[in-house]
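Each chain is listed here by its residues.
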Amino acid sequence: MACNSNDQEQKAQDQKINSFLQNVDHKILVMSGKGGVGKSTVATNLAVFLNNQGYKVGLLDVDVHGPSIAGLLGLTGLRLNTLGSQIQPYHYTDNLKVMSIQGLLDQPDDPLIWRGPVKIGIIRQFLADVNWGPLDFLIIDSPPGTGDEPLTVAQTVTDCQAVIVTTPQEIALADVRKSIQFCQKVNMPILGIIENMSGFVCPSCGDMHAIFKSGGGEKTAAKYQLPFLGQLPIDPNVVTAGDAGQSIDSLSSHTKEKMQHIVEQLLQKLPNKPNKQKGVENNMKIAIPVVQGKLCTHFGHCEQFAIITVAAGKIAKQETLTPPPHAPGVIPNWVADQGCTDIIVGGMGEAAQAILMQRGVKVSCGAPSDTPENLVAAYLRGELVDSGNTCDHEHGHEHSCGGH
Ligand SMILES: Nc1ncnc2c1ncn2[C@@H]1O[C@H](COP(=O)(O)OP(=O)(O)OP(=O)(O)O)[C@@H](O)[C@H]1O
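Everything numeric here is computed off the predicted structure, so don't read it as measured data.

Cut-offs applied
- Residues numbered from 1 in each chain as written.
- Predicted model: local features only at pLDDT ≥ 70, side-chain atom pairs only at ≥ 80, totals over all residues.
- Heavy atoms only, no water.
- Buried < 20%, exposed > 50% of the residue type's maximum accessible area, 1.4 Å probe, protein only.
- Helix = DSSP H or I, 4+ residues; strand = E, 2+ residues; numbered from the N terminus.
- Axes fitted to C-alpha atoms, helices over the stretch in contact; angles between N-to-C directions.
- Parallel < 35°, antiparallel > 145°, perpendicular 65-115°, else oblique.
- Left-handed = near helix turned anticlockwise from the far one by under 90°.
- Contact = heavy atoms within 4.5 Å.
- Core = buried A, V, L, I, M, F, W, Y, C linked by side-chain atoms within 4.5 Å.

Caption draft 1: Region of interest: helix H10 (residues 330-337). Considered for burial, the residues of H10 that qualify are Ile331, Pro332, Trp334, Val335 and Ala336. Backbone geometry just after H10 places Gly339 at a positive phi near 85 degrees.

Caption draft 2: Fine view of the packing of H10 against helix H11 (residues 350-358). Contact pair H10 / H11: the axes reach a minimum separation of 9 Å and the direction vectors enclose 25 degrees. If you check the angle between H10 and H11, you find them roughly parallel. H10 and H11 meet at a crossing whose hand is right-handed. Packed against H10, whose contacting residues are Pro332, Asn333 and Val335, the element H11 presents Ala352, Ile355 and Leu356 at the interface.

Caption draft 3: Structural context of the nonpolar core. Core analysis: the biggest nonpolar cluster contains 78 residues, and Leu50, Leu60, Phe137, Leu138 and Ile139 have the highest contact counts within it. Counting residues per element, this core draws most heavily on helix H2 (residues 39-52), at seven residues. What Leu50 contacts, discounting residues up to four positions off in sequence, is Tyr55, Val57, Phe137, Ile139, Val263, Leu266 and Leu267. Formed by 19 residues, the second largest nonpolar core is a distinct cluster that contains Cys296, Ile331, Cys340 and Val361.

Caption draft 4: The arrangement of the packing of H2 against helix H9 (residues 254-269) in detail. Closest axis-to-axis distance for the H2/H9 pair is 10 Å, and the angle between their directions is 75 degrees. Taken as axis vectors, H2 and H9 run roughly perpendicular relative to one another. Where H2 abuts H9, its residues Val42, Asn45, Leu46, Phe49 and Leu50 lie against Lys256, Met259, Gln260, Ile262, Val263, Leu266 and Leu267.

Rendered as structure tokens:
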């Protein structure tokens, strides 16, 4: 019995993870072979600079033992809330959401003494139970090396791509080669290599000093026929900004231009050019089963659907359509045929959910009986929490998700 219920829980979590990932255009794992090479600094600034360009970005810190993302963005000490079953991430800006274990700890300096399975569970929860909403980019900061955390990401986040950060000296490059082999073994494409701490421009004489050597990252990229995305110099302002919870964007130094260049290179290397601001703000077509002007919990047998088109975060068009007669699989396919991107329901059977997911329609279960306009408004505000409810309304009996 226990095994069965574990299997079911895992399946339900897989479904939630898949439905989130379906709404993320680009997933990027920022890795490094060695510690302290500036991986979190790069991950954070990739997220901030992409967000500055108008992309909707999620930044996920899976370095559960040494989380630093919250600190680098000045979010330390802020506790994260949960709404229903969903964790509300930090909103660094309206379009940059951040998730780190730091926000769930009573004491931010508490050490976490966790073995692999617990860490794997936490990372999966960060993908399943955080209210990310649709994203153009999910940037994932992993701890150095090729341990449980990057492996969990590789196994869970389908079509994830890697960015490898290194410093130029041989001891760091040896570890980069391990990261490259890791990516090859888990079939994760590498978007490119970034060389951090590449030379130091003396503020007094203006001469460049190659403290950790320079050019090693570029040479390694060439050797493995990987894209080289650019270099960041050793810049004391990066440390000051990071310690103050500010991004490289706040600097007036040459480093900011270098970071900008890296982001442009990264955008060029993406297999498909991202559309800005996917999802909530852009066109969405949301289906809601209705009866007498309110959500009908009887999804499979409801007589009408409100179909609401949302553009730039507002309701642009609303129609009421009659679906074909009920038969297994007919209504979910009909909803997808209408071009719907999302559906809001009280509850829905697993089979119908699977069809919708396969057809790229995001399902939000557990909505209360309310008008379609109110439900869409709550959905756009991120307040409609997906219960992950898989109750089956096809049989017409009473149950917890809305009684009919
Ligand atoms: N280009 C740079 N110039 C100067 N200092 C830098 C630069 N990049 C990062 N640093 C500093 O180096 C330190 C380590 O950076 P960071 O935490 O980003 O590294 P990391 O590789 O993520 O470390 P960890 O192994 O702990 O995950 C920080 O103090 C950061 O401010």
